Amino acid sequence: MGIKDQFQDKAQELEEKARQARQPGKGAQDERSARAPQPKDSPQRSFDDISDELDDRT
């Protein structure tokens, strides 16, 4: 495979990614949510879970 072929393949790949990003759909949203930082603690933690964690720390 020559250098020209490699550049053409990369250009096609980037073009396809750009096309997918422009389309409102699942692909772009999934990628954004995968890159988003995930919270350490769920806001739905129960009092007992928090209490047990504090007991373990002391």
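Residues numbered from 1 in each chain as written. Predicted model: local features only at pLDDT ≥ 70, side-chain atom pairs only at ≥ 80, totals over all residues. Heavy atoms only, no water.

## Regarding the pattern of salt bridges
Working step 1: Per the stated rule, a full pass over the model turns up five salt bridges.
Working step 2: For glutamate 16, the salt bridge goes to arginine 19, with nearest N and O atoms at 2.9 Å. Of this pair, glutamate 16 and arginine 19 both sit in helix α1 (residues 3-22), three residues apart, roughly one helical turn.
Working step 3: Glutamate 16 gets classed as partly exposed once you look at its relative accessible area, which sits at 34%.
Working step 4: Look at arginine 19 and you get partly exposed, because its relative accessible area is 36%.
Working step 5: The partner of glutamate 53 in a salt bridge is arginine 57, and the shortest N-O contact between them spans 2.6 Å. Residue glutamate 53 and its partner arginine 57 are both found in helix α3 (residues 47-57); the two are separated by four residues, about one turn of the helix. (Salt bridge = Lys/Arg side-chain N within 4 Å of Asp/Glu carboxyl O. Helix = DSSP H or I, 4+ residues; strand = E, 2+ residues; numbered from the N terminus. Buried < 20%, exposed > 50% of the residue type's maximum accessible area, 1.4 Å probe, protein only.)

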